Amino acid sequence: MGPPSNSGFYVSRAVALLLAGLVAALLLALAVLAALYGHCERVPPSGLPGLGDSEAESSPPLRQKPTRTPKPSSARELAVTTTPSDWRPPGPWDQLRLPPWLVPLHYDLELWPQLRPDHLPAGSLLFTGRVNITVRCTVATSRLLLHSLLQDCERAEVRGPLSPGTGNATVGRVPVDDVWFAVDTEYMVLELSEPLKPGSSYELQLSFSGLVYEDLKEGLFLNVYTDQGERRALLASQLEPTFARYVFPCFDEPALKATFNITIIHHPSYVALSNMPKLGQSVKEDVNGSKWTVTTFSTTPHMPTYLVAFVICDYDHVNRTERGKEIRIWARKDAIANGSVDFALNITGPTFSFLEDLFNISYSLPKADIIALPSFDNHAMENWGLMIFDESVLLLEPKDQLTEKKILISYIVSHEIGHQWFGNLVTMNWWNNIWLKEGFASYFEFEVINYFNPKLPRNEIFFSNILHNVLRKDHALVTRAVALKVEHFKTSEIEELYDLFTYSKGASMARMLSGFLNEHLFVSALKSYLKTFSYSNAEQDDLWRHFQMAIDDQSTVILPATIKKIMDSWTHQSGFPVITLNVSTGIMKQEPFYLEKVKNQTLLTSNDTWIVPILWIKNGTTQSLVWLDQRSKVFPEMQVSDSDHDWVILNLNMTGYYRVNYDKLGWKKLNQQLEKDPKAIPVIHRLQLIDDAFSLSKNNYIEIETALELTKYLAEEDEIIVWHTVLVNLVTRDLVSDVNNYDIYPLLKKYLLKRLNLIWNIYSTIIRENVLALQDDYLALISLGKLFGTACWLGLEDCLQLSKELFTKWVDHPENEIPYPIKDVVLCYGIALGSDKEWDILLNTYTNTTKEEEKIQLAYAMSCSKEPWILNRFMEYAISTSPFTSNETNVIEIVAASEVGRYVAKDFLVDNWQAVSKRYGTQSLINLIYAIGRAITTDLQIVELQQFFSNMLEEHSRISVHAKLQTIKNENLKNKKQSARMAAWLRRNT
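Rules used in this analysis
- Residues numbered from 1 in each chain as written.
- Predicted model: local features only at pLDDT ≥ 70, side-chain atom pairs only at ≥ 80, totals over all residues.
- Heavy atoms only, no water.
- Helix = DSSP H or I, 4+ residues; strand = E, 2+ residues; numbered from the N terminus.
- Buried < 20%, exposed > 50% of the residue type's maximum accessible area, 1.4 Å probe, protein only.
- Contact = heavy atoms within 4.5 Å.
- Areas by Shrake-Rupley, 256 points an atom, 1.4 Å probe, with all protein chains shown as cover.
- Pairing = 2+ DSSP bridges.
- Expected span 1.5 Å × (residues − 1).
- Axes fitted to C-alpha atoms, helices over the stretch in contact; angles between N-to-C directions.
- Salt bridge = Lys/Arg side-chain N within 4 Å of Asp/Glu carboxyl O.
- Phe/Tyr/Trp six-rings, centres within 6.5 Å; stacked < 30°, edge-to-face > 60°.
- Core = buried A, V, L, I, M, F, W, Y, C linked by side-chain atoms within 4.5 Å.
- UniProt positions renumbered as here; feature names shortened; annotations may be inferred.
- Disulfide = S-S within 2.5 Å.
- Parallel < 35°, antiparallel > 145°, perpendicular 65-115°, else oblique.
- Nonpolar A, V, L, I, M, F, W, Y, C, P; charged D, E, K, R; others polar.
- Left-handed = near helix turned anticlockwise from the far one by under 90°.
- Polar contact = N/O pair within 3.5 Å; in protein donor to acceptor, adjacent residues only side chain to side chain.
- pLDDT = per-residue confidence, 0-100.

Draft legend 1. Inspection of the overall build of the protein at higher detail. Helix and strand counts for the protein stand at 29 helices and 32 strands. By the burial criterion, 58% of the 990 residues in the protein qualify as buried. Partitioning the contacts of the protein with sequence separation of at least 6, the portion at a separation of at least 24 is 72%. Counting every atom, the protein has about 39,700 Å² of accessible surface; 51% of that belongs to carbon and sulfur.

Structural data, given as structure tokens:
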């Protein structure tokens, strides 16, 4: 708990919440006491309009939180209570949405965090604040609801009705009889003695206090870090989606936009940043005589509460001007001096200019600040005028030249700048349409990068970064569509919307829309949408309406239905379709994609079909767009002849969000073309064929042999991203770690090594002769690790030798850095092929590094040892000695994941399970059971494992472990059947 606030006394936010339930029984007694206390004299604090010294007069009584101890004062106060739902009458505070009685117009907000450089916080920090909220009343009400959580209310007044043009000096007051909190629904409730008048404006004046925590990254939070050899601290904010209420009482919904005047009081050695440029500064003296700086900022545009931002820090910055507007990048002084922010600075201005030109709408604010925090769990946040990033996704170090970090920074900066239009300028009306900002920002990050890097393979990168992952997770039984019809969410449910479907499926929807229209029409519709709803809010139907307007204004693009009907079929239902083409008959059909489809499974009704755009190629030539707008349809033009040169591929450039299946003849024709001339099929479609075929075979749409046939041509494949797709699907982690796969391993080894020569020779030569040539080859940087790791796993002699060479050079001369894309593999095989001498070298490196990412990398490498005694020693260190006990890397789980380590870890747990549980927690024991039991295939093995670990687990854990082990067994049995078929095919084809 921090020091007492200047305006009163303080109770911990956490304590108030924890004890709220315990004190519920006291509420009736408090109500009686409240009646005895009566009104009190209080001197309102000054510094905001309407709170000047001349206004000091009687304040309405407040009800004090029952957990608070009365302060020593002659003035008596009533308590502010927190009321559990079962102790209060039913009312609007039980609803998840604010009632529409008040509309916020403007906030005057002042925050005063007690952050001092000479007294760094130990976990938490006090802040106080005041806010005046101008509201318009729409419905007569004597109950005011606004959001507030984890704050103490020190004072509450309502002034008005306000008279335009007369100022606030002569307005009256509406007495506040009571203030209480509905904690479960996160409301502050003001009970008034008389109702507000519809059509009139009022000003709510609230004083509050709370705590800032270092370990929480919601609302206001702290970073404690080291810069220029000194320990320092900063304060920053993260208010999206619903955390503004953690910082100040507000109307915390995205449609309730308002303007903000923000004032931050801070220590003179710090700089304060907010959404708008600094307006002025003054000096304030506290009760102890200490001087503080008062920084005020210009008025913001209309914006939602989740975009409000604050930072107080001791940082340096670099800046540039773009089209008359200042761009500043803030970071630790060391990072600025080292030039680590220069790359971000150089791409930020041109990105703003590109999007301004694309949408013909200028960036709305006079400045743009970007700040890099030492620790930021959200990675990046688009706050209007003050974007916040984690250092790891903004700073570019010299050592990063052989990582994908440069392109990663480009994507994330572009994404957040894209939000300045999608989300900030035009905001979704409610969180059920969050994809309108996240999906389009995700899509346009690729458009920005493609514009500035035209040589990048745009389709392959979109597949690798977006499509590959989301298609693996999405299916017909997923409970979540991109756009949700339900509008009432709990806060936790809103946070769950920030997922793969919102971002990646949302981006895929935008890309598909652009694909079946054209770029000009797509951008034209977006311009109209953005212009119409600037500084306002929109819903999905608003977007479709503007697309329909653009379509109706031209005659080139003809659609089979309205844009709303087409796109709603994709955004309002979960999953995606599998499109199957019979090339003999030209019949095309659609069905939902299910994970592990069973025979004749279908939940598709006549209302659940998708309206599917089919862009396609025949014999290498792009064909006209067609539409599959019903369950099944005939396309005679898609029939193929007996000619060896006749083949068809659906879903040109993979712009459609679906997978494609063919009849046996269709797959056969594609196999023939790949073996005869693979380059006749574009790279993106070689990727597509492999990924679709393996996914469809895994989920029972086609036979595994059909997918394997597509790999025969690979000796001629020189595109590493295609190889990466093959290996990700073929050489899975289960296959690599399954010790029972000795039957398939020699067959797969012989089959793949015969085909790996070309691609291996290309990249092993680059690594040996000019590894820096890879620094701008993004697809190689993300693919090389899988290629290198598979080659070594298969025992390719040159791979093992190259690993040994690189490892030895690094050990002898640490300045000889191992190329980052293959560092994991090289370190692992350096240990696997070495002795305890090499292991001790890695242990020493681990001990001396402070970088968490490097520690994790080294820990995994040390688990690659084939020596049981070394692995035992490793685990012993993990539970008993520094430096392992100072970080959260679970060494026991890492060891258990390796082939040798599985058995070593099992024996180690017998003797040390209490120490392991104490070090890593009970859940780690459960994870270890799964790791050790990952190869089980019989009920007897499950019983043996459960007996083995029975004394380590509580009863409820035993039940969940049994269910999980049954799932593992069933999955292994399925994989065993699949592996047997793969082995039979490999025998026939090696």
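The structure having been displayed, the exposition proceeds.
Draft legend 2. Structural detail: the pairing of strand S32 (residues 659-662). Side-chain alternation along S32 places Arg 659 and Asn 661 on one buried face and Val 660 and Tyr 662 on a second face that is also buried. As judged from the four bridges shared by strand S24 (residues 577-582) and S32, these two strands associate in the parallel manner. Bridging across to S32, Ile 579 finds its partner in Val 660.

Draft legend 3. Highlighting helix H11 (residues 540-552). Compared with the 18 Å implied by 1.5 Å per residue over 13 residues, the 18 Å span of H11 between its first and last C-alpha is a close match. Those residues of H11 lying buried are Gln 540, Asp 542, Leu 543, Trp 544, His 546, Phe 547, Gln 548, Ala 550 and Ile 551. In the core, the buried residues of H11 are packed alongside helix H6 (435-452), helix H9 (500-516), helix H10 (519-532), strand S23 (536-538) and helix H12 (563-571).

Draft legend 4. Representation of the sheet that holds strand S18 (residues 325-331) in the model. Spatial ordering of the open sheet is given by S17-S18-S19-S21-S20, a layout of five strands whose pairing is mixed. Two strands in the sheet have a free side with no partner beyond their single neighbour: strand S17 (316-322) and strand S20 (380-381). As defined by bridge partners, strand S19 (residues 367-373) adjoins strand S21 (residues 386-390) across five bridges and the pair is classed as parallel. Paired with Ala 372 across the two strands is Phe 389, which belongs to S21. Helix H4 (residues 342-359) contacts S17, S18, S19 and S21 of the sheet and is inclined by roughly 30° relative to S17. In this fold helix H5 (residues 405-418) packs onto S20 and S21, with an angle of close to 150° to the strand it touches most, S21.

Draft legend 5. Structural context of the environment of Tyr 270. Looking at the secondary structure, you find Tyr 270 in the loop between strand S12 (259-266) and strand S13 (271-274). Tyr 270 sits 155 residues away from Leu 115 along the chain, and the two C-alpha atoms are 9.1 Å apart.

Draft legend 6. Quick look at H6. Helix length check: H6, at 18 residues, gives a terminal C-alpha distance of 25 Å against a target of 26 Å (1.5 Å per residue), a fit within 8%. Of all 18 residues making up H6, 16 are buried, and the element is well covered by its neighbours.

Draft legend 7. Up close: the pattern of salt bridges. For the structure on display, the rule yields 47 salt bridges. Note that Asp 369 is salt-bridged to Arg 328, the shortest N-O span being 2.7 Å. Of this pair, Asp 369 sits in strand S19 while Arg 328 sits in strand S18; the two residues are 41 residues apart in sequence, bridging distant segments of the chain. What you see here is one network of salt bridges that share partners, running through Asp 227, Glu 230, Arg 232, Asp 314 and Lys 333.

Draft legend 8. Region of the structure containing the environment of Ser 163. Relative to the helices and strands, Ser 163 resides in the loop between strand S5 (152-159) and strand S6 (173-174). With 37 residues separating them in the primary sequence, Ser 163 and Ser 200 have C-alpha atoms 8.5 Å apart.

Draft legend 9. Up close: the sheet that holds strand S27 (residues 616-618). Reading across the sheet, the three strands line up as S28-S27-S31 and stay open at both edges, with antiparallel pairing between neighbours. If you trace the sheet from one side to the other, it starts and ends with strand S28 (621-622) and strand S31 (648-650), each paired once. For S27 and S28, the ladder comprises two bridges, and the chain directions are antiparallel. Paired with Lys 618 across the two strands is Thr 621, which belongs to S28.

Draft legend 10. Spatial organisation of the packing of aromatic side chains. Applying the stated criterion to the full structure yields 43 aromatic pairs. Each ring, one from Tyr 443 and one from Phe 522, has its centre 5.5 Å from the other, and the planes form 75°; the classification is edge-to-face. Placement of Tyr 443 in helix H6 and of Phe 522 in helix H10 is noted, with a sequence separation of 79 residues between them. Since its relative accessible area comes to 5%, Tyr 443 is described here as buried.

Draft legend 11. Fine view of the nonpolar core. The biggest cluster of nonpolar side chains holds 325 residues, and the ones touching the most others in it are Leu 190, Phe 248, Phe 310, Trp 421, Ile 614 and Leu 650. If you tally residues by element for this core, the top one is helix H18 (residues 744-769), at 11 residues. Ignoring sequence-local partners within four residues, the contact set of Phe 248 consists of Tyr 107, Leu 109, His 147, Gln 151, Phe 208, Leu 239, Phe 260 and Phe 310.

Draft legend 12. Molecular detail of the UniProt feature "site: Transition state stabilizer" (unreviewed entry) in the protein. Per the UniProt entry, the sites bearing "site: Transition state stabilizer" (unreviewed entry) are Tyr 503 in this numbering. On the basis of relative accessibility, which here comes to 25%, the residue Tyr 503 falls in the partly exposed class. Setting aside residues no more than four positions away along its own chain, Tyr 503 makes contact with His 415, Glu 438, Gly 439, Ser 442 and Tyr 498.

Draft legend 13. Spatial organisation of the state of the cysteines. Tallying each qualifying case throughout the model produces two disulfides. With its sulfur 2.0 Å from that of its partner, Cys 792 forms a disulfide with Cys 799. When the S-S torsion is -90°, as for the bridge of Cys 792 with Cys 799, the disulfide is left-handed. Using a relative accessible area of 3% as the deciding quantity, one classes Cys 792 as buried. Paired by a disulfide, Cys 828 and Cys 864 hold their sulfur atoms 2.0 Å apart. Between Cys 828 and Cys 864 the sulfur-sulfur dihedral comes to about -105°; the bridge is accordingly left-handed. Placement of Cys 828 in helix H21 (residues 823-832) and of Cys 864 in the loop between helix H23 (852-862) and helix H24 (868-880) is noted, with a sequence separation of 36 residues between them.

Draft legend 14. Spatial organisation of the packing of H6 against H11. Closest axis-to-axis distance for the H6/H11 pair is 10 Å, and the angle between their directions is 55°. Accordingly, the angle class assigned to the pair H6 and H11 is oblique. For the pair formed by H6 and H11, the contact residues are Trp 435, Leu 436 and Phe 440 on the first element and Gln 540, Leu 543 and Trp 544 on the second. In the contact of H6 with H11, the residues fall into five nonpolar, one polar and no charged.

Draft legend 15. The arrangement of the packing of H6 against H9 in detail. Look at H6 against H9: their axes get within 7 Å of each other, and the N-to-C directions meet at 70°. The angle between the axes of H6 and H9 places the two elements in the roughly perpendicular class. Read as a crossing pair, H6 and H9 show a hand that is right-handed. Here Trp 435, Glu 438, Gly 439, Phe 440, Ser 442 and Tyr 443 of H6 lie close against H9, whose contacting residues are Thr 502, Tyr 503, Gly 506, Ala 507, Met 509, Ala 510, Arg 511 and Ser 514. Counted by class, the contact of H6 with H9 contains seven nonpolar, five polar and two charged residues.

Draft legend 16. Local environment of unusual backbone geometry. In this chain, Gly 160 is followed by Pro 161 through a cis amide linkage whose omega measures 0°. Along the chain, Pro 161 turns up in the loop between S5 and S6. In this chain, Glu 240 is followed by Pro 241 through a cis amide linkage whose omega measures 0°. Residue position: Pro 241 is located in the loop between strand S11 (230-238) and S12.

Draft legend 17. Structural detail: the environment of Ser 584. Along the chain, Ser 584 turns up in the loop between S24 and strand S25 (587-592). When its relative accessible area of 39% is taken as the criterion, Ser 584 is described as partly exposed. In this structure Ser 584 touches Gln 639, Asp 663 and Leu 665, once residues within four positions along its chain are discounted.

Draft legend 18. Broad picture of the pairing of S19. Counting buried positions along S19 yields seven of seven residues, so the element is predominantly enclosed. Because side chains alternate across S19, one face comprises the buried residues Lys 367, Asp 369, Ile 371 and Leu 373, and the other comprises Ala 368, Ile 370 and Ala 372, equally buried. Relative to S19, S18 runs parallel, the two being bridged by five bridges. Its bridge partner lying in S19, Glu 326 is registered against Lys 367.

Draft legend 19. The side chain of Arg 755, seen in detail. Turning to its location among the elements, Arg 755 is positioned in helix H18. Within the structure, Arg 755 has its side chain in polar contact with the backbone oxygen of Tyr 751 (distance 3.0 Å). Contact partners of Arg 755, with chain neighbours within four places excluded, come to Thr 711, Lys 712, Leu 714, Ala 715, Trp 723 and Asn 989.

Draft legend 20. Region of the structure containing the confidence of the model for the protein. Looking at the protein as a whole, the pLDDT averages 88, with 89% of positions reaching at least 70. Residue range residues 1-79 is modelled with pLDDT below 50. Its contacts to residues more than four positions away, or to other chains, number 167 contacts.

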